[in-house]
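Results of the structural survey
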Amino acid sequence: MILTVPLACLIALVFGALGLAKALAVPKMRELAAEAGFSVGAYRRVGLLELAGVAGVALGPAVPPLGGLAGAGLLLLLVGAAVVHLRKGDPVARLAPAVVCAVLVVGYLVALFG
């Protein structure tokens, strides 16, 4: 339980920044959307889902079921990201951030319910 709050903060920082950049469709995110084969609108929706996940993870220490659902949702987004990278044949370096973030979210879930 002691690690839950620091992990929630780290997840909120990472996904908050990425989700906001996607939702606002900053130029770099527009480039990444095009590279991944997504429309800007679809990438914005991914960003909004990430921001919703941030809210749930942030509330997770106080409302564990909500934190668990939010963590599971973020994991599903990360699996989707990994699938996109693998289908494109991206090098491991492009896949690594999704894997690292997935490990972080799994750690949060273990801390929350373990």
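Heads up: the structure comes first, above all this text.
So, here's what we can say about the structure. (Residues numbered from 1 in each chain as written. Predicted model: local features only at pLDDT ≥ 70, side-chain atom pairs only at ≥ 80, totals over all residues. Heavy atoms only, no water.)

1. Some words on the overall build of the protein
Heads up, the condition is: Helical segments are the DSSP runs of H or I of at least four residues, strand segments are the runs of E of at least two, and each set is numbered from the N terminus. C-alpha atoms define the radius of gyration, and 2.2 Å times the number of residues to the power 0.38 defines the globule rule. Categorising residues by exposure relies on relative accessible area from a 1.4 Å probe, with only protein chains included: less than 20% of the type maximum marks a residue as buried, more than 50% marks it as exposed, and the intermediate range marks it as partly exposed. Should any heavy atoms of two residues lie within 4.5 Å, those residues are counted as being in contact. Only the protein chains shown count as cover for residues, with accessible areas throughout obtained via the Shrake-Rupley method and a probe of 1.4 Å.
Secondary structure assignment for the protein yields five helices and zero strands. Ordered by position from N to C terminus, the α and β elements of the protein give α-α-α-α-α. Computed over C-alpha atoms, the radius of gyration of the protein comes to 14 Å, within 12% of the 13 Å expected from 2.2 N^0.38 for 114 residues, which places it in the range of a compact globule. Going through the 114 residues of the protein one by one, you find that 35% of them count as buried. Restricting the contact set of the protein to residue pairs at least 6 apart, pairs at least 24 apart contribute 71%. About 6300 Å² of surface is accessible on the protein, with carbon and sulfur atoms providing 78% of the total.

2. What to know about the pattern of salt bridges
Rule in force here: Any carboxyl oxygen of Asp or Glu that lies within 4 Å of a side-chain nitrogen of Lys or Arg is treated as forming a salt bridge with it.
Going through the model one piece at a time under the given rule, you end up with four salt bridges. Lys 28 is the partner of Glu 31 in a salt bridge, and the nearest nitrogen-oxygen pair spans 3.9 Å. Of this pair, Glu 31 and Lys 28 are both found in helix α2 (residues 27-36), three residues apart, which corresponds to roughly one turn of the helix. Taking relative accessible area as the criterion, Glu 31 reaches 43% and is therefore assigned partly exposed. Across the pair Glu 35 and Arg 94 runs a salt bridge whose closest N-O atoms are separated by 3.1 Å.

3. Quick look at the state of the cysteines
Note the cut-off: Pairs of cysteine sulfur atoms within 2.5 Å are what we label disulfides.
Enumeration according to the criterion identifies zero disulfides in this entry. Cys 101 provides the cysteine sulfur closest to Cys 9, a residue in no disulfide bond, and the two sulfurs are 15 Å apart.

4. Thoughts on the environment of Leu 69
Following the sequence through the fold, Leu 69 ends up in helix α4 (residues 64-88). Taking the C-alpha atoms as reference, Leu 69 lies 18 Å from Pro 6; in sequence the two are 63 residues apart.

5. A few points about the packing of helix α3 (residues 40-59) against α4
Selection rule: Between the N-to-C directions of two axes lies an angle of 0 to 180 degrees, each axis being a line fitted to C-alpha atoms and, for a helix, fitted only over the stretch in contact. Just so you know how the angles are binned, under 35 degrees is roughly parallel, over 145 roughly antiparallel, 65 to 115 roughly perpendicular, and the rest oblique. Note on convention: near helix rotated counterclockwise from far helix by under a right angle means a left-handed crossing. Clockwise means right-handed. Classification used: nonpolar for Ala, Val, Leu, Ile, Met, Phe, Trp, Tyr, Cys and Pro, charged for Asp, Glu, Lys and Arg, polar for all others including Gly.
Remark: α3 packs on α4, axes separated minimally by 7 Å, with the N-to-C direction vectors making an angle of 150°. For the element pair α3 / α4, the angle class is roughly antiparallel. Between α3 and α4 lies a crossing whose hand is left-handed. Across from Val 46, Leu 49, Glu 50, Gly 53, Gly 56, Val 57 and Leu 59 in α3, the residues of α4 making contact are Leu 66, Gly 67, Ala 70, Gly 71, Leu 74 and Leu 77. Looking at the contact of α3 with α4 residue by residue, the class counts come to eight nonpolar, four polar and one charged.

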